[in-house]
Amino acid sequence: MGQHSDPGQQKSRLETMTWPEARRAAQNGGRVVLLPVGAIEQHGPHLPVDVDNRVVTWLCDEAARQRPDLILSAPPIHYGFNEHNMGFPGTISVEVEHFVNYVYDVCRSFVRQGHTRVVMINGHGSNAMPCALVARRIVNESEDALAAAINHWSLARDLAARIRETPTGGMAHACEYETSWYLFLDPSGVYMDKQVADMVDHQTPFVWVDLMAGDGPVALIDDWSRLSNGSGVEGDPATASVDKGARYAEEEVTNLIRFCEDFRAMKVHPRRNYTARGSDPNPYYDE
Ligand SMILES: [Zn+2]
């Protein structure tokens, strides 16, 4: 079969490929791999527990669908690091060391298969630090591969500043933002008549959590059952809408593709050893 009749060229999701197609997608540095990383976690009384998975999987698949020449979408990491929400039904948690090692093994496999650019697209706040750590490990331990981690909401910060109605410090979980996303993806899965607000009192102005405005200066995530009014929400879903969800989705896909273009083109220079053990000449310092 010749290259021109190869349907694999247009395939954008790894799970649909045969191994010869997967091999071609990994050749010459390969397409940029997008790995969705989600969670199964309570999202208030009005949203299903799969919000984080659903959003990041859609995002990766859609970016890859638009640019199969550049991007390969991978099957997701379904479960996340979620200890703080185990007081609520429907939440599943993976111990942080297991999570880091497991996600690392998956990313490392893409590198072993030939890919030199891997991006974790994270949908769950508590996965952010572990994913960043995995990216660092891949970079540290690879000769020609780079890995990065993106919290998908970060791709829409500029847009959020323009369209959000929730005050800063209160758009964090099952909120205006996440509810808008789900309304866009599957309105039949959202019980808007059951949505409630919970503007969580963190008891000091130094601690707050907001997806779009960054977090407060102090890193402190307490067990959610201690802080919540019982709803599991952090924020106010009342002003969520399909239209906002569609705008967030479009913005994030656009920015994700732009990043992948830059990431693909990013140069990986050889490491130097300027220490007493090394022999690389230092252009700025020579004894
Ligand atoms: Zn979520």
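Data block above holds the structure.
Residues numbered from 1 in each chain as written. Predicted model: local features only at pLDDT ≥ 70, side-chain atom pairs only at ≥ 80, totals over all residues. Heavy atoms only, no water.

With respect to unusual backbone geometry
Positive phi, normally seen in glycine, also occurs at Asn28, with a value near 55 degrees. Its place among the elements puts Asn28 in the loop between α1 (19–25) and β1 (32–37). Residue Asn28 is classed as exposed on the basis of its relative accessible area of 80%. One non-glycine residue with positive phi stands out, namely Gln203, at about 75 degrees. Looking at Gln203, the relative accessible area reads 65%, which means it is exposed. (Helix = DSSP H or I, 4+ residues; strand = E, 2+ residues; numbered from the N terminus. Buried < 20%, exposed > 50% of the residue type's maximum accessible area, 1.4 Å probe, protein only.)

A short note on the packing of helix α3 (residues 96–112) against helix α4 (residues 128–141)
Viewed as axis vectors pointing N to C, α3 and α4 meet at an angle of 45 degrees, and their least axial separation amounts to 9 Å. Classified by the interaxial angle, the pair formed by α3 and α4 is oblique. Judged by the twist between their axes, the crossing of α3 over α4 is right-handed. Residues Val96, Phe99, Val100, Asn101, Val103, Tyr104, Cys107, Arg108 and Val111 of α3 form the contact with α4, whose own contacting residues are Pro130, Cys131, Leu133, Val134, Arg137, Ile138 and Glu141. Residue composition of the contact of α3 with α4, by class: twelve nonpolar, one polar and three charged. (Axes fitted to C-alpha atoms, helices over the stretch in contact; angles between N-to-C directions. Parallel < 35°, antiparallel > 145°, perpendicular 65-115°, else oblique. Left-handed = near helix turned anticlockwise from the far one by under 90°. Contact = heavy atoms within 4.5 Å. Nonpolar A, V, L, I, M, F, W, Y, C, P; charged D, E, K, R; others polar.)

Thoughts on the pattern of salt bridges
In total, this model carries 13 salt bridges according to the counting rule given. Note that Glu176 and Lys244 form a salt bridge whose closest N and O atoms lie 2.9 Å from each other. Here the residue Glu176 occupies a position in helix α6 (residues 176–185), and Lys244 occupies one in helix α8 (residues 242–265), the gap between them amounting to 68 residues. Accessibility assignment for this pair places Glu176 and Lys244 in one class, buried. (Salt bridge = Lys/Arg side-chain N within 4 Å of Asp/Glu carboxyl O.)

Comments concerning the side chain of Glu62
Relative to the helices and strands, Glu62 resides in helix α2 (residues 51–66). For Glu62, a relative accessible area of 14% gives the class buried. A polar atom in the side chain of Glu62 sits 2.8 Å from the side chain of Arg65. At 2.8 Å, the side chain of Glu62 and the side chain of Gln66 are in polar contact. (Polar contact = N/O pair within 3.5 Å; in protein donor to acceptor, adjacent residues only side chain to side chain.)

Considering the side chain of Ser12
Position of Ser12 relative to the elements: it lies in the segment before α1. Beyond its immediate sequence surroundings of up to four residues, Ser12 is in contact with Arg31, Ala64, Arg65, Pro68, Ile71, Leu72 and Ser73.

Regarding the coordination of the zinc ion
Any two of four tetrahedral donors ideally make an angle of 109.5 degrees at the metal, while pairs among six octahedral donors ideally make 90 or 180 degrees. Surrounding the zinc ion are the protein donor atoms His43 (NE2), Asp52 (OD) and Glu178 (OE), which sit 2.0 Å from the metal. Read in sequence order, the donor residues for the zinc ion give the motif H-x8-D-x125-E. Judged by its relative accessible area of 0%, His43 is buried. (Donors = N, O, S within 2.8 Å, 3.2 Å for Na, K, Ca; no water.)

Here's the deal with the layout of surface pockets
Volume-wise, the largest pocket comes out at about 790 Å³. Together, 33 residues line the largest pocket, and Gly125, Ser126, Val209, Asp215 and Ile221 are the ones closest to its centre. Counting residues per element, the lining of the largest pocket draws most heavily on α4, which supplies three residues. Its residues placed into classes, the lining of the largest pocket shows 14 nonpolar, eleven polar and eight charged. The calculated volume of the second largest pocket comes to roughly 160 Å³. Lining the second largest pocket are Leu14, Trp19, Ala22, Arg23, Ala26, Leu72, Phe110, Gln113 and His115. At three residues, the largest contribution of residues to the lining of the second largest pocket is made by α1. Here the residues of the lining of the second largest pocket sort into six nonpolar, two polar and one charged. (1 Å grid on protein atoms, 1.4 Å probe; cavity = no way out; pocket = protein on both sides within 12 Å on 5 of 7 lines; lining within 4 Å. Points joined across faces, edges and corners; volume = space filled by probe spheres on them.)

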